[in-house]
Each structure stands twice: as structure tokens, then as C-alpha cells.
Amino acid sequence: MASEAPIQNIDQIDIVGKRKDGGVDLVIVASSPVTASPEHQQLLLDKIQSYLEQCNSPGFRDEFGYDAKVRILINFSQQPDPVIVELLKRSASWVLDNNAELAAKVGH
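Residues numbered from 1 in each chain as written. Predicted model: local features only at pLDDT ≥ 70, side-chain atom pairs only at ≥ 80, totals over all residues. Heavy atoms only, no water.

Engineer: I'd like a rundown of the overall build of the protein chain, residues and numbers included.
Structural biologist: For the protein chain, the count of helices and strands is three helices and four strands. Helices and strands in the protein chain line up, N terminus first, as β-β-α-α-β-α-β. Projecting the C-alpha coordinates of the protein chain onto the three principal axes gives extents of approximately 45 × 25 × 25 Å. Relative to its full complement of 108 residues, the protein chain shows a buried share of 37%. Put simply, 74% of the contacts in the protein chain that link residues at least 6 apart link residues at least 24 apart. When the accessible area of the protein chain is evaluated, it comes to approximately 6,300 Å², of which 52% is carbon and sulfur surface. (Helix = DSSP H or I, 4+ residues; strand = E, 2+ residues; numbered from the N terminus. Buried < 20%, exposed > 50% of the residue type's maximum accessible area, 1.4 Å probe, protein only. Contact = heavy atoms within 4.5 Å. Areas by Shrake-Rupley, 256 points an atom, 1.4 Å probe, with all protein chains shown as cover.)

Engineer: Outline the nonpolar core, listing residues and values.
Structural biologist: Formed by 25 residues in total, the largest nonpolar core has its most connected members in Leu44, Ile48, Ile72 and Ile74. Top element by residues in this core is helix 1 (residues 38–55). It accounts for six residues. (Core = buried A, V, L, I, M, F, W, Y, C linked by side-chain atoms within 4.5 Å.)

Engineer: Any chance you could break down the pattern of salt bridges for me, citing the residues and the numbers?
Structural biologist: Counted under the stated rule, the structure contains four salt bridges. Put simply, Asp21 and Arg19 hold a salt bridge, and the shortest N to O gap is 3.2 Å. Owing to a relative accessible area of 60%, Asp21 belongs among the exposed residues under this scheme. Overlapping salt bridges bring together Arg19, Asp21, Asp25 and Arg71 as one network. (Salt bridge = Lys/Arg side-chain N within 4 Å of Asp/Glu carboxyl O.)

Engineer: Go over the sheet that holds strand 3 (residues 70–76) with me, naming the residues and quoting the values.
Structural biologist: Overall, mixed pairing links the four strands, which are arranged 1-2-3-4 in an open sheet. A single partner strand is all that each edge strand has here, and the edge strands are strand 1 (15–18) and strand 4 (100–106). For this sheet the average axis-to-axis angle between neighbouring strands, irrespective of direction, equals 25°. Here strand 3 runs beside strand 4; their pairing, made up of seven bridges, is parallel. Counterpart to Asn75 in the pairing with strand 4 is Lys105. Sitting on the sheet, helix 3 (residues 82–97) is in contact with strand 3 and strand 4, with an inclination near 155° to strand 4. (Pairing = 2+ DSSP bridges. Axes fitted to C-alpha atoms, helices over the stretch in contact; angles between N-to-C directions.)

Engineer: Give me the lowdown on the packing of helix 1 against helix 3, citing residues and values where you can.
Structural biologist: Put simply, helix 1 and helix 3 touch, their axes get as near as 11 Å, and they point 25° apart. Taken together, the axes of helix 1 and helix 3 are roughly parallel relative to one another. Crossing of helix 1 against helix 3: the hand is right-handed. Note on element contacts: helix 3 touches helix 1 through Val83, Ile84, Leu87, Leu88, Ser91, Trp94 and Val95, opposite Gln41, Leu44, Leu45, Ile48, Gln49 and Leu52. (Parallel < 35°, antiparallel > 145°, perpendicular 65-115°, else oblique. Left-handed = near helix turned anticlockwise from the far one by under 90°.)

Engineer: Can you break down unusual backbone geometry residue by residue, with the values?
Structural biologist: Even without glycine at this site, Asn9 takes up a positive phi of about 50°. Tracing the backbone shows Asn9 in the segment before strand 1. Residue classification places Asn9 among the partly exposed residues on the basis of a relative accessible area of 44%. A positive phi angle, near 70°, is found at Asn99, a position not held by glycine. On the secondary structure map, Asn99 appears in the loop between helix 3 and strand 4.

Written as C-alpha cells, this is what we have:
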């Protein structure tokens, strides 16, 4: 039996939260361990790409404001593989170039 992918619904935002400072957090929920497998790396990159497309859409900007500071926060259920940590470090400038910042946390 195949286990469930840690990152799902690539084309949907898992959680949206408006911060007190006026910014917006878009949370990616990794519900199970994220490994160094090419599949998990691609899932994560695809989900980030989807979030970037959505946060730069006119509808999103109309709702939250064109100057809203967007943070994509990846919430890992468990410490991700070091390869994933490195992947996120390398992705940070790509995310910044697309009007958002990237952050991660482990646990609740």
C-alpha cells in the first residue's frame, strides 16, 4: 500500500492567514515526512510555484492589496530531510523574485 504524499492539492492553498502587520501568510502543510526523493522535491517545488502564481493573481491582489507582504510558510510535521532544507535555501531568491518570502517551521 502506497503511503499518502506529504504535500497534496498542488493547485490549492492549504491555509491563508492575514497577519496583524497587514501581510498574508500562505501555509503549505506537509502532513507526513518530506524525504529527499525526487517526487517529494518536485511536489514541494510545484506547490510553491502554484502559491506564487496565486499570490500574484489580480484576484488575490484585489482581495489582500497590491502591497501586501506575502510569506509562504511551509509547516513540516517532522524535520525535513537535509536535501529539502537545502532546496528551500536555493528557492528563497526565486520566491523573492516573485513577490513573496519563504519560511519554514517544524511542528505546530
